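Inside the fold
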Amino acid sequence: MVHGFLIHTLGCSPSGDADLTRVLYSQTFSSEAFDQAADLERVRLLRKEQMLAVARHVTSACILTRQALEKPIYEVVSPGEETVNLQDAEFGVFSLAPGDPFHECKTVLWLGVLSLGFVLICDMHDNLTLAEDTLKLIVKYLIEHLRLLSQGSDVILKADKTETILNTFLPHGQLLFLNHQFILALEKEMNSSMSK
Amino acid sequence: MFTAGADNYLRQAREIQDEELQKFCARIAGFLQQLELGSETVDNLQRLYLVASATKYGKKLERMFLELLQRVLCAPKVSLQVQVLCTAILREVSPYDPFTLSCDQIYDTKLLSLVFSILLAQGCNNKALAIGNRIVKMMESRLPKGQSLRHLLPVLSKLTSVFPASLSDDQTNLINKKLVDWLRYASIHQGIGQPSGGFFSSPRTKLPGPITEVDGAVATDFFTVLSIGHHYTEDQWLNLQAFSMLRKWLLCCGTDSTSSTSSDDKSEVDGSIMSMASVASTSSRLLLPKERVREKAFEYCQRLIEQSNRKAVKKSDADLQKACLIEAIIIMDIVCRQDSSYVYRAVSFLKIVHARICQDLTFAQALLPIAQFFLNHSEMAAVDSEAVYRHLFTRIPAELFYQPLLALEFIHFCRTNARFFNQNISVFQQSFPNLLKFLAWNGPGLVSDFVEFLPSLIGPDTAIEILHLLLDLPCLTAALELQLRSQSAPASERVLIDSALHPASSVEAFRHSHYKNLFQYLLRCEAWPGDTIDGRFHLLRQMLVDMAGCPRVTQCIETVPVLLQLFFKVVAEFADGVLINQLVAVLLDRSGLLFSVPRFQTDVHRVMSSQLLALCKLYPSVIVEQSKELLEFSGTVTNIQNKENFFTHVVWAIGEYLSVSYDKRCTVDQINKFFEVLEALLFEITQLRPSAGVPKSSPRLITVLMTTLTKLASRSQDLIPRVLLYLSKMRSCVQSSAMISMYGEEDSEDILNRATELMNLLKMPTVAQFVLTPSAEVNNVRYHRDAIVSLPLAMRTVSRLLQKDSGFAPG
């Protein structure tokens, strides 16, 4: 099952500070330090730091990929642009060795869309092909519902929408084998719960 | 996207003071107590979530307030949006004990799922486990209208993966039975959609149509995730959930450790529970629930694999087919590992599947689980799977090196099975040039995985070729870039140029008949058994230089030094004299034949230099055995240009290891020969060069050359007068105005000092030999610490004696 999901900035803040990766949203579906009777405050701290470490890793991976593709490193939305073609978004994957920063080996799948990175942290037994499709699906809905191309602050102010999208398409980190009709049905259900 | 406004919100959320936060909570509490859950409350809850989640250290909220959030979460008629927000806040706040949060009274499955995520995040394992028990109970009973188990299956899946042993055998059996039903016996008719309720629409909805396949044909067999309908029934949703969790479930609960042999659980192959009496009589046909799950899982996977052969109308379904194919093969593998009686069926089935997907590169990712399957089971099934591996290793890297996910999975696959492949599969040992394409293309993203994998490729037979490949890795990247560009170019730009004219660029060279063979060599899929260095190959290296600015090539260049270091570290573990001789020869040869990017050459020379010394230390005889090549190399003054660092190390190694104490075969004659060559070289660079206006050599090289000459002289004492004369000449030469203007006062003085020191040493040949050719014991710590035997003592004594003799003042 997927270990976590996060949204972060790709090292380019509006104020122009480079090298600044900010985690805007993160959810860990399961904590690693469970069986140890660890101090929960520390567990929470560890979880946050792991997420930041992954975000930094993704930022540099995305910059390298953009360089290799000879694309600008910091992309900006052109005004009036309402949709983004996810086929053009940079996609990448890398693995994290045990102990760095997670206890067990993880595979990180990421999608770089303009100035944001979207990340799935997968466990060893996850179907990565399915994870890639799921990540793209989730990002598609995030862009649509958080108005990521026009509204800059929804991504941090409307966490309920992000949560609802994740609850629908990645419940508790479970990747789902959804054909297009299942997707449509879930989309309808999700939209009706969001519009209420 | 992320604007200054958003950044500002984030900062405020991080910097909020406790007092202000409590006030904010009090205001929200006011709304919540009144159950005023309108847009203002939602707005405030959204902000509270931001505050709770934005910092590394959790925000402490008052207990009363947290309990209020819990009450609202579980209160009837609260919108899902508010529930989701309360859940998110309770999950994110600083750890607290949600002791009042109880799942006993919750009948809403979605809410139960939300509560579970809070309990898990807050580390309330017992309560989370209690939810597991609730879910199993709910499976047995009828759920209230409007509730669905499908929201709870992911919870169950999560529970079994976090706490693998949490379910009792009875519970596991019950879930197994349910899984069988959901997987195999979901309805094959579509569900009934919500009536649109229009005034003119007929009150009687049409009978639901049949389920179809992804290509639109009517389904002929049971329902799977690849079955299409406009509306899905509850059991079809559960079919989806069951398959999604199946792999994890089989891994967690399918092994024999959780087996229950209670005959109650045995049931007939086709469904209904049998009486105790009939169980005994027909036990051979009876299966335990977990065995039935395996059986149904196997059938399900077979059907999915067949379905993945259909041409999907929708692109997203085509993508799903690939994911399903992979999942199905992996599940078959798990089933076969758990119960070997499936192996024969699976092998013959997957042979056909393999033949099918070999024709279609879009399914390439599924080749890895198939290969893994054959690797696990072909021995048992006594089938030859050489063809599977051959296709995988020869075709896939060459054609799909640019797919990042495939590259990573491919390397993981090789890494996991490297030992087996190395021992059994010759095609694997031959295919390293192909595997390196993944690295050449995906450079930085893959390098850490490759570093783990590379050692298993390096063996006595492959080391030399791999060294060449690593040194030419940037050329490979450039060639792959050209290959991809040429594939997407219009046909007119792909025809072979057969002209006497020299190609003007690497793009032209790629389709130029003169370069065809060279590119084929560079892009080869298998090891090249013959001579790996084609004299003409350097032409191609030079031709590819116009690709040096390509960012991917630049990234590759950065990875090479690390890989080279690793290469030598691995080789050092098994290298014998023969291999070390070959390696040193390659280093001497290749130091001048590198992709000509200055930074790349500098970095590679640095590694080559340190590794040359390491190799000599490992096998000092290499200096004697390679003396011909070394003489040739060190006698060529042009070798200094562009690779002075490496050259200096070669000279140092000669001085250090050309000694009878390392190799009995080392003759005076040999020492004299080296002496002459190096002497001539030193003369050339110090006394001829300055006037010729040729680039100067560094003072370091000059001092190393002087020292090396002195070392050699100390071993062949007839040379001492000659070197003394030479050194005194050097001293006067260095003091000349031409040299001072070239080297500056400081460097000239350093050279002068070194010459003086060496002359002093040589005045006592036995001491000189002791200092300049110390025995191997010199590495012993005692040598440096013990006041009686130490090297410093010897040095001090020499200085004192000399001081008395000639009045030279020691420094």
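What you are looking at is a predicted structure, and each value in this text was computed from that prediction instead of being measured.

Quick look at the domain arrangement of chain B
Residues and elements named next belong to chain B. The assigned domain composition of chain B is domain 1 (168-191 + 210-253 + 286-383) and domain 2 (404-488 + 503-575). Averaged C-alpha coordinates put domain 1 and domain 2 at centres separated by 37 Å. Domain 1 puts 6 residues into the contact, and the matching count from domain 2 is 8 residues. Approximately 650 Å² of surface area, both sides summed, lies buried where domain 1 meets domain 2, with 73% of it carried by carbon and sulfur atoms. Considering only the surface of domain 1 that becomes buried against domain 2, Q365, L368 and L375 emerge as the three largest contributors, covering 78% of it. Our enumeration of links across domain 1 and domain 2 arrives at 2 residue pairs in polar contact (both at pLDDT 80 or more). A class-by-class count of the residues in the side of domain 1 that touches domain 2 yields 4 nonpolar, 2 polar and no charged.

Describing a negative patch on the surface
All names here are of chain B. A contiguous patch of negative charge, built from E745, E746, E749 and D750, is present on the exposed surface. With respect to the element layout, E745 can be found in helix α34 (residues 737-762). Classification of E745 as exposed rests on a relative accessible area of 63%.

Overview of the packing of helix α20 (residues 463-471) of chain B against helix α25 (residues 551-574) of chain B
Residues and elements named next belong to chain B. Between α20 and α25, the least distance of the axes is 10 Å, while the angle of their chain directions is 170°. Regarding the angle of α20 to α25, the classification is roughly antiparallel. Our pair here, α20 against α25, has a crossing hand that is left-handed. Residues A463, I466, L467, L470 and L471 of α20 lie in contact with α25, whose contacting residues are V560, L563, L564, F567, F568 and V571. Looking at the contact of α20 with α25 residue by residue, the classes come out as 11 nonpolar, no polar and no charged.

Concerning empty space enclosed by the protein
The final tally for this structure, using the stated rule, is 10 cavities of 30 Å³ or more. Space inside the largest cavity adds up to approximately 530 Å³. Along its surface, the largest cavity is lined by 34 residues, and N167, T168 and P171 of chain A together with S113 and L114 of chain B are the ones closest to its centre. Secondary-structure elements contributing two or more residues to the lining of the largest cavity are β2 (23-28), α4 (159-169) and α5 (180-195) of chain A together with α5 (80-92), α6 (109-121) and α10 (234-253) of chain B. When residues in the lining of the largest cavity are grouped by element, the largest group, 6 residues, is from α6 of chain B. In the lining of the largest cavity, the residues fall into 14 nonpolar, 14 polar and 6 charged. Reported here for the second largest cavity is a volume of approximately 140 Å³. Along the walls of the second largest cavity sit 13 residues, with H125, D126 and Q174 of chain A together with S244 and E327 of chain B positioned nearest its centre. When residues of the lining of the second largest cavity are assigned to their parent elements, the largest contribution, 4 residues, is made by α10 of chain B.

Overview of the pattern of salt bridges
Residue and element names in this part refer to chain B. In this structure the tally under the stated criterion is 41 salt bridges over all chains. Salt-bridge contacts for R390 lead to E386; the nearest nitrogen and oxygen are separated by 3.7 Å. Here E386 and R390 lie together in helix α16 (residues 386-400), a separation of 4 residues that amounts to about one turn. Accessibility expressed as a relative area gives 38% for R390, which makes it partly exposed. Between R395 and E399 there is a salt bridge whose closest N-O contact spans 2.8 Å. A residue pair is termed a helical-turn pair when its members lie 3 or 4 positions apart in one helix, as R395 and E399 do in helix α16 at 4 residues.

Quick notes on the interface of chain B and chain A
Listed as interface residues are 92 residues of chain B and, on the opposing side, 72 residues of chain A. Interface area, chain B with chain A, both sides summed: about 7100 Å², of which 60% is carbon and sulfur. Across the salt bridge formed by R44 of chain A and E92 of chain B, the nearest N and O atoms sit 3.8 Å from each other. In this assembly, chain B and chain A are joined by 31 residue pairs in polar contact (both at pLDDT 80 or more). Looking at the side of chain B that touches chain A, the element that brings in the most residues is α10 of chain B, giving 10 residues. Taken together, the residues that form the side of chain B that touches chain A break down as 44 nonpolar, 26 polar and 22 charged.

Considerations on the side chain of T708 of chain B
All names here are of chain B. For T708, the position within the fold is in helix α32 (residues 699-715). Judged by its relative accessible area of 1%, T708 is buried. Look past the residues within four positions of T708 in its chain and what remains in contact with it is V651, W652, G655 and L678.

Considering the layout of surface pockets
The computed volume of the second largest pocket comes to approximately 1600 Å³. In terms of lining, the second largest pocket is formed by 50 residues, of which the most central are E189 of chain A together with G146, S148, R150 and H151 of chain B. Looking at the lining of the second largest pocket, the elements with two or more residues in it are α5 of chain A together with α5, α6, α7 (125-140), α9 (169-184) and α10 of chain B. Per-element tally for the lining of the second largest pocket: the top contributor is α5 of chain A, with 7 residues. A breakdown of the residues in the lining of the second largest pocket according to their chemical character gives 20 nonpolar, 19 polar and 11 charged.

Quick look at helix α26 (residues 577-590) of chain B
All names here are of chain B. Helix length check: α26, at 14 residues, gives a terminal C-alpha distance of 20 Å against a target of 20 Å (1.5 Å per residue), a fit within 8%. Taken across its 14 residues, α26 has 10 buried, putting it largely inside the fold. Within the sequence span of α26, burial applies to G577, L579, I580, N581, L583, V584, V586, L587, L588 and R590.

Description of helix α21 (residues 473-488) of chain B
Its 16 residues place the ends of α21 of chain B 23 Å apart at the C-alpha level, agreeing with the 22 Å of an ideal helix rising 1.5 Å per residue. Taken as a whole, α21 of chain B has its buried residues at L473, P474, C475, L476, T477, A478, A479, L480, E481, L482 and Q483 of chain B.

Looking at the packing of aromatic side chains
Residues and elements named next belong to chain B. All chains considered together, the criterion is met by 33 aromatic pairs over all chains. Through a chain of ring-to-ring contacts, the aromatic side chains of Y389, F393, F410, F413, F420, F421, F428, F438, F450 and F453 assemble into a single cluster. Above the face of the Y107 ring, R134 is positioned so that its terminal group lies 5.5 Å from the ring centre. Lying across the ring of Y521, R524 places its NZ or CZ 4.2 Å from the centre.

Here's the deal with the pairing of strand β4 (residues 106-113) of chain A
Residues and elements named next belong to chain A. Buried residues dominate β4, accounting for 8 of its 8 residues. Judged by which residues are buried, β4 turns out to be covered on both faces: K106, V108, W110 and G112 on one side and T107, L109, L111 and V113 on the other are all buried. Relative to β4, strand β3 (residues 90-96) runs antiparallel, the two sharing 7 bridges. When the bridges of β4 are listed, F91 appears paired with L111. Bridge count between β4 and strand β5 (residues 116-122): 7 bridges; the pairing is antiparallel. By the bridge assignment for β5, W110 is matched with V119. The antiparallel hairpin formed by β4 and β5 contains 2 residues in its connecting segment, where L114 sits at a positive phi of about 50°.

Here's the deal with the nonpolar core
Counting 318 residues, the largest nonpolar core has F5, F118 and F169 of chain A together with F393 and F567 of chain B as the members making the most contacts within it. Here this core takes 13 residues from helix α19 (residues 432-457) of chain B, the largest share from any one element. Residues lining this core come from more than one domain, with at least three contributed by each of domain 1 (168-191 + 210-253 + 286-383) and domain 2 (404-488 + 503-575) of chain B. Leave out the neighbours within four places in its chain, and F169 of chain A touches T134, L137, I138, Y141, Q174, L176, L178, I183, L186, E187 and M190 of chain A. Listed in part, the 16 residues of the second largest apolar core include L6, V23, V58 and A61 of chain A.

Quick notes on the rules
- Residues numbered from 1 in each chain as written.
- Chains lettered and ligands numbered in written order.
- Predicted model: local features only at pLDDT ≥ 70, side-chain atom pairs only at ≥ 80, totals over all residues.
- Heavy atoms only, no water.
- Domains from an automatic or database assignment.
- Contact = heavy atoms within 4.5 Å.
- Buried area = accessible area lost by both parts, 1.4 Å probe.
- Polar contact = N/O pair within 3.5 Å; in protein donor to acceptor, adjacent residues only side chain to side chain.
- Nonpolar A, V, L, I, M, F, W, Y, C, P; charged D, E, K, R; others polar.
- Patch = residues over 30% accessible without salt bridge, like charges linked within 9 Å, V, L, I, M, F, W, Y side chains within 5 Å.
- Areas by Shrake-Rupley, 256 points an atom, 1.4 Å probe, with all protein chains shown as cover.
- Salt bridge = Lys/Arg side-chain N within 4 Å of Asp/Glu carboxyl O.
- Lys, Arg positive; Asp, Glu negative; His and termini not counted.
- Charge placed at Lys NZ, Arg CZ, Asp CG, Glu CD.
- Helix = DSSP H or I, 4+ residues; strand = E, 2+ residues; numbered from the N terminus.
- Buried < 20%, exposed > 50% of the residue type's maximum accessible area, 1.4 Å probe, protein only.
- Axes fitted to C-alpha atoms, helices over the stretch in contact; angles between N-to-C directions.
- Parallel < 35°, antiparallel > 145°, perpendicular 65-115°, else oblique.
- Left-handed = near helix turned anticlockwise from the far one by under 90°.
- 1 Å grid on protein atoms, 1.4 Å probe; cavity = no way out; pocket = protein on both sides within 12 Å on 5 of 7 lines; lining within 4 Å.
- Points joined across faces, edges and corners; volume = space filled by probe spheres on them.
- Expected span 1.5 Å × (residues − 1).
- Phe/Tyr/Trp six-rings, centres within 6.5 Å; stacked < 30°, edge-to-face > 60°.
- Lys NZ or Arg CZ within 6 Å of the ring centre and 35° of its normal.
- Pairing = 2+ DSSP bridges.
- Core = buried A, V, L, I, M, F, W, Y, C linked by side-chain atoms within 4.5 Å.

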